[in-house]
Amino acid sequence: MSDSTAIANGTAAEKHHEHPPYQRHHFESVDQQFDATNFAMWLFLLTEIMFFGGLFMAYLLMRNWYYPAFVEASHQLSIFWGTANTTVLIISSFTMAMSVWSAQMRRKGLLLVFLGLTFVLGLGFLGIKGIEWHEKWVKHHVPGIHNFSDASFLNPASDPEVYKEYHDKPLSPAMASKTEMYFFLYFAMTGMHALHMVIGIGLLIYIFIRAKTGAYTSGHYTFVENFGLYWHFVDIIWIFLYPLLYLISRY
Amino acid sequence: MSEHSEHNENNTEGEYHEQHHVVSPALYAMILLALLCATALTCGMSYIDLGEWHITQGVTLFWNPVVALAIACTKMSLVVLFFMHIKYSRRLTKLTVLSGLFIFLTLIGMTLTDYMSRAWGRW
Amino acid sequence: MSAATIVTLPDQSTARIPKMNFLSKENGLLSWLLTGDHKRIATLYLISITFFFFVGGSLAGLIRLELLTPQSDLMAADTYNKVFSMHGLIMVFLFLVPSVPATIGNFVIPMMVGAKDLALPKINLLSWYLYIVAGGMMLYTMAVGGVDTGWTFTTPLSTHYLNTHVVSAGLAVFVAGFSSIFTGLNFVVTIHKMRCPGMTWFRLPLFIWSNYAASILMILGTPVLAITLVLVVLERTIHIGVFDPALGGDPLLFQHLFWFYSHPAVYIMILPGMGVISEVVSTFSRKRVFGYTAVAFSSVAIAVFAFFVWAHHMFIMGISNYAALVFSLLTMLVAVPSAIKIFNWAFTLYKGSITFETPMLYAIGFMGLFTIGGMTGVFLGSTGTDIHLTETYFVVAHFHFVMVGGMLMAFLSGIHFWWPKWTGRMYPEKISQLAALTTFIGFNLTFFPQFILGTLGMPRRYAAYPPEFQVLNVFSTAGATVLGVGYLLPILYLTWSLKYGAIAGDNPWQATGLEWQTQSPPLTENFVVTPIMDHEAYDYAWLEQQQQKEVASVG
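Residues numbered from 1 in each chain as written. Chains lettered and ligands numbered in written order. Predicted model: local features only at pLDDT ≥ 70, side-chain atom pairs only at ≥ 80, totals over all residues.

### So, the overall build of chain A
(1) Moving on: Secondary structure assignment for chain A yields 11 helices and 0 strands.
(2) Moving on: Ordered by position from the N terminus, the helices and strands of chain A form the series α-α-α-α-α-α-α-α-α-α-α.
(3) Moving on: Its C-alpha radius of gyration of 25 Å places chain A more than 25% over the 18 Å reference for a compact globule of 251 residues.
(4) Moving on: Dimensions along the principal axes, computed over C-alpha positions, put chain A at roughly 85 × 45 × 30 Å.
(5) Moving on: For chain A, buried positions account for 50% of its 251 residues. (Helix = DSSP H or I, 4+ residues; strand = E, 2+ residues; numbered from the N terminus. Rg over C-alpha atoms; globule rule 2.2 N^0.38 Å. Buried ≥ 20, exposed ≤ 12 C-beta atoms within 10 Å, placed from the backbone.)

Given below as structure tokens:
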């Protein structure tokens, strides 16, 4: 007999299946749901690896072709702010991992604390980024849109703060113009990274609000776990951006 | 909603504990410490000239970027294994991460074969 | 055509479409626009994809009209460039890439694995909305004047030498890419995590294996296209210089990144079609697919090798000889798994009980035309011959053979094959066989002359050509007209069949596969009871046993 007849006869309707309200109907069990959504988030992170991959490829090429320009241009980045940012993000990864732990242990108060800390640290990261970018803007090191100036590279002595630390040699005009390429990659990569941070922080607000209602501390912490994966991934991107952009050569 | 189809228990029973493994905060803290130390290390190393290795005529390996990337990869591994729980995940998840890295390396590596062979010796 | 047929329909005087099915479950526009049901989303996709197919097809018609005469007299050369560019963009990104996966795949994959829906229904719906946005952006691009770089956006032409709407076209493709990624992601999760009890990997239909492989390619390849298009947009808008030699960049970098996706893209396009062929060839030979394991693994092998061969699109662009050597060698390898499939399908036919219903006609057409297309791909993959054949009509003929003679035929085969399951009604057999034949004849007349034109030296993407090429071009255009008729007919009779087609019943083809064990059209939740898979794929003996147990009645 056809399926609709079976339903009409009520054979299926008799067996009302007990499952938690957060289990979607197309899943057989909560575990399958957790498993599937976790796997889905990992696959999404794979797409993100490949997305950033294109930028890393461009960076690799340009750095090798214009190494002197990259070295001197990277001296324009503040090692203090860069390291601070790295530290902030790594600690935020820790607080995010602790958020997941809190949700697993069903401790709502702790969960809110750690989510809040992650949020603040994330904002801190963006704030520092803003400071750094502003510095670049003021010094006319923003390529393409704000009168890029390679004066600091043609004549490094004209930039006393950086010069007294590194004593860079003046670059030839051809090589000095390639510092624009470095800065383009700097803004593209940190910009793309910052965009992902902004999305993450937005989602954190959502998670925080939901966490307050106890949504994640009654056994269903999938969303927090999967968001945690995203957050850690953004951290990993920065873990690579830091040495590639800031630490090219400071000797 | 009165009509529910029958649910059958699936294959996830045995792995319940595995994928819901709770990592202790103490371990997280140790990883955090390791990450911060590695950050300080990589920052410090950038101030030291580690020299180079002349493999053959025209092919030189500079140690600074190698060390920097090695430290970065170590930090990444710590985050992936412990913060992202890969150490406690199913084999499929581990394979997924590895395949992502593999394809990324293919993109970089095979594109490089073109660039390096175009500028043979001058790369 | 022989009168033998395996079609078994219920008694038409008493048969009715089941009252409760996924189409009748809810009514109203919102129930469609906010649906999570994979079958409804597949239907939405089918309608939108068909629309864009005809837009792209009309552009093809314009191309062939222009090429009737050697001079560029129907339209200016610049306009011609826009026509073929938009034709390529629409056909590749808005038709071929989503064709089988987003329509047939969305519809059938959950049922084939024994699940109630895909793993992420909301993401599925998002995928369709992204497709619509991308389609809208592409139509906007056309409306404001189009882009004339070719679908490949080759730099530095696209970044420095043109003033057409590269940015909006690039962004349209960017959005379409994410639509594709989400579809692929959904499939991979579903196939891994939502198989019903007893459904081991090697009991899955080969359609699943092919779509799985294509989905891996979608997930890993498409993001690189996305970032590449972002870089092109940035290059055009703020002149960052990454593709500009004057500023220190490299136009070839674009090509490496672009083709890193676009080569796997061709396998994204063809693999799902190959999955359809496995199903159809088996059903209409009443035999399990020969060498199941080989076909399954060949899908995975194609997916893996696909990532290693992209620079064979760049042999003349300035890559080093060593790179050309490496990529050429690897390209030879990637042809092997495809050949394995053709071989296995041929051996499935051998000693099978073959009948020639419409899906089978398209499938046989696929096997012949894809073989020709694939073999000519090997000529192009070999650097020495490629230097002469690339950028000529030989390439155009090659990819139309694999994509139109191959993929589009597989798509039509699949649409006809699953039409009874989708709508509950059969399409009219005679006219559909006529349409299949018309398509086959039209196709060969259109594209075979183009192989000859290519070897004679006619360049591609030119509005004007030397007069000695005219005769073959006229043949080609004549063929295109026939082809157009062949594609128009299904629209007409399939629409007709929605109201007047014979009631199909659960399993008109006597096919194996879990989707054929449900009603037609299926229930929203696919299965009343979660199925338990206790037999191998393509087990016709099991099917016979089932049928003896059943009482055949619908209603």
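And the narrative resumes.
### What about the overall build of chain B?
(1) Moving on: Helix and strand counts for chain B come out as 4 helices and 2 strands.
(2) Moving on: Along chain B, helices and strands appear, N-terminal first, in the series α-α-β-β-α-α.
(3) Moving on: Out of the 123 residues belonging to chain B, those deemed buried represent 25%.
(4) Moving on: Expressed as a percentage of contacts within chain B between residues at least 6 apart in sequence, the contacts between residues at least 24 apart total 47%. (Contact = placed C-beta atoms within 7 Å.)

### Observations regarding unusual backbone geometry
(1) Moving on: Residues Thr155 of chain C and Pro156 of chain C are joined by a peptide bond in cis, for which omega reads -5°.
(2) Moving on: Tracing the backbone through its elements, the reader meets Pro156 of chain C in the loop between helix 5 (121-143) and helix 6 (157-161).
(3) Moving on: The omega torsion across Ser520 of chain C and Pro521 of chain C is -10°, close enough to zero to call that bond cis.
(4) Moving on: Non-glycine residue His140 of chain A carries a positive phi angle of around 60°.
(5) Moving on: Its place among the elements puts His140 of chain A in the loop between helix 6 (108-138) and helix 7 (151-154).
(6) Moving on: Using a count of 14 C-beta atoms within 10 Å as the deciding quantity, one classes His140 of chain A as partly exposed.
(7) Moving on: The backbone of His167 of chain A shows a phi angle near 45°, a positive value even though the residue is not glycine.
(8) Moving on: Of note, His167 of chain A is situated in the loop between helix 8 (160-166) and helix 9 (173-177).

### Digging into the interface of chain A and chain C
(1) Moving on: With 36 residues of chain A in contact, the opposing surface of chain C contributes 40 residues.
(2) Moving on: Going through the elements one at a time, helix 1 (3-8), helix 3 (30-65) and helix 10 (179-212) of chain A are the ones with two or more residues in the side of chain A that touches chain C.
(3) Moving on: Class assignment for the residues of the side of chain A that touches chain C results in 21 nonpolar, 10 polar and 5 charged. (Nonpolar A, V, L, I, M, F, W, Y, C, P; charged D, E, K, R; others polar.)

### Structural notes on the packing of helix 4 (residues 99-113) of chain C against helix 7 (residues 166-193) of chain C
Residues and elements named next belong to chain C.
(1) Moving on: Relative to each other, helix 4 and helix 7 sit at 15°, their axes nearing to 11 Å. Put simply, helix 4 runs roughly parallel to helix 7. In the packing of helix 4 onto helix 7, the handedness of the crossing is left-handed. Contact residues: Pro101, Ala102, Gly105, Ile109, Pro110 and Val113 in helix 4; Thr183, Phe187, Thr190 and Ile191 in helix 7.
(2) Moving on: Of the residues that constitute the contact of helix 4 with helix 7, the class distribution is 7 nonpolar, 3 polar and no charged. (Axes fitted to C-alpha atoms, helices over the stretch in contact; angles between N-to-C directions. Parallel < 35°, antiparallel > 145°, perpendicular 65-115°, else oblique. Left-handed = near helix turned anticlockwise from the far one by under 90°.)

### Structural notes on the domain arrangement of chain B
All names here are of chain B.
(1) Moving on: You can read the domains of chain B as domain 1 (23-88) and domain 2 (89-123).
(2) Moving on: Inter-centroid distance (C-alpha atoms) of domain 1 to domain 2 is 19 Å.
(3) Moving on: On the domain 2 side, the residues contacting the 5 residues of domain 1 number 5 residues.
(4) Moving on: Tallied by class, residues from the side of domain 1 that touches domain 2 come to 3 nonpolar, 2 polar and no charged. (Domains from an automatic or database assignment.)

### Details of the confidence of the model for chain A
(1) Moving on: Residues of chain A with pLDDT of at least 70 account for 93%, and the chain-wide mean is 90.
(2) Moving on: Note on residues 1-16 of chain A: pLDDT under 50 across the span, and 29 contacts to partners over four residues away in sequence or across chains. (pLDDT = per-residue confidence, 0-100.)

### So, helix 15 (residues 429-456) of chain C
(1) Moving on: Helix length check: helix 15 of chain C, at 28 residues, gives a terminal C-alpha distance of 41 Å against a target of 40 Å (1.5 Å per residue), a fit within 8%.
(2) Moving on: Phi turns positive one or two residues past the end of helix 15 of chain C, at Gly457 of chain C, with a value near 110°. (Expected span 1.5 Å × (residues − 1).)

### Focus on the pairing of strand 1 (residues 52-56) of chain B
Residues and elements named next belong to chain B.
(1) Moving on: Little of strand 1 sits inside the fold, with 0 of its 5 residues counted as buried.
(2) Moving on: One ladder, built from 4 bridges, connects strand 1 with strand 2 (residues 59-62); its direction is antiparallel. The partner of Trp53 across the bridge, within strand 2, is Leu61.
(3) Moving on: Adjacent in sequence and paired antiparallel, strand 1 and strand 2 are bridged by 2 residues, among which Gly58 carries a positive phi angle near 85°. (Pairing = 2+ DSSP bridges.)

### Describing helix 11 (residues 222-246) of chain A
Counting along an α-helix, one turn takes 3.6 residues, and residues three or four places apart therefore face a common direction.
(1) Moving on: Compared with an ideal rise of 1.5 Å per residue, which puts 25 residues at 36 Å, helix 11 of chain A spans 36 Å between its outermost C-alpha atoms and is within 8% of the ideal.
(2) Moving on: Burial runs high along helix 11 of chain A: 22 of the 25 residues are buried.

### Overview of the nonpolar core
(1) Moving on: Counting 272 residues, the largest nonpolar core has Leu185 of chain A together with Leu217 and Tyr267 of chain C as its most contacted members.
(2) Moving on: Per-element tally for this core: the top contributor is helix 14 (residues 393-423) of chain C, with 21 residues.
(3) Moving on: Looking at this core, you find at least three residues from each of domain 1 (23-88) and domain 2 (89-123) of chain B.
(4) Moving on: In this structure Tyr267 of chain C touches Ala214, Leu217, Ile302, Ala303 and Ala306 of chain C, once residues within four positions along its chain are discounted. (Core = buried A, V, L, I, M, F, W, Y, C linked by C-beta atoms within 7 Å.)

### Remarks on the environment of Arg40 of chain C
Residue and element names in this part refer to chain C.
(1) Moving on: Here Arg40 shows up in helix 2 (residues 38-66).
(2) Moving on: For Arg40, a count of 24 C-beta atoms within 10 Å gives the class buried.
(3) Moving on: As a C-alpha pair, Arg40 and Leu329 span 289 residues in sequence and 44 Å in three-dimensional space.
(4) Moving on: Residues in contact with Arg40, not counting those within four places in the same chain, are Phe22, Trp32 and Thr35.

### Here's the deal with the packing of helix 4 of chain C against helix 9 (residues 251-283) of chain C
All names here are of chain C.
(1) Moving on: Orientation of helix 4 relative to helix 9, taken along the N-to-C sense of each, is 45°, at an axis distance of 8 Å. For the element pair helix 4 / helix 9, the angle class is oblique. With respect to the hand of their crossing, helix 4 and helix 9 are arranged in left-handed fashion. Contacts between helix 4 and helix 9 involve Val100, Pro101, Ile104 and Gly105 on the former and, on the latter, Pro272, Gly273 and Val276.
(2) Moving on: In the contact of helix 4 with helix 9, the residues fall into 5 nonpolar, 2 polar and no charged.

### Examining the environment of Ala541 of chain C
(1) Moving on: Of note, Ala541 of chain C is situated in helix 17 (residues 540-549).
(2) Moving on: On a C-alpha basis, the gap between Ala541 of chain C and Ala246 of chain C in space is 69 Å, while along the polypeptide they are 295 residues apart.

### What about the environment of Asn38 of chain A?
Residues and elements named next belong to chain A.
(1) Moving on: The residue Asn38 is located in helix 3 in this model.
(2) Moving on: By C-beta crowding, Asn38 is classed as buried, having 21 other C-beta atoms within 10 Å.
(3) Moving on: Considering only alpha carbons, one finds Asn38 and Phe227, 189 residues apart in sequence, at a separation of 9.7 Å.
(4) Moving on: Leaving out residues up to four positions away in the same chain, Asn38 has contacts with Glu225 and Asn226.

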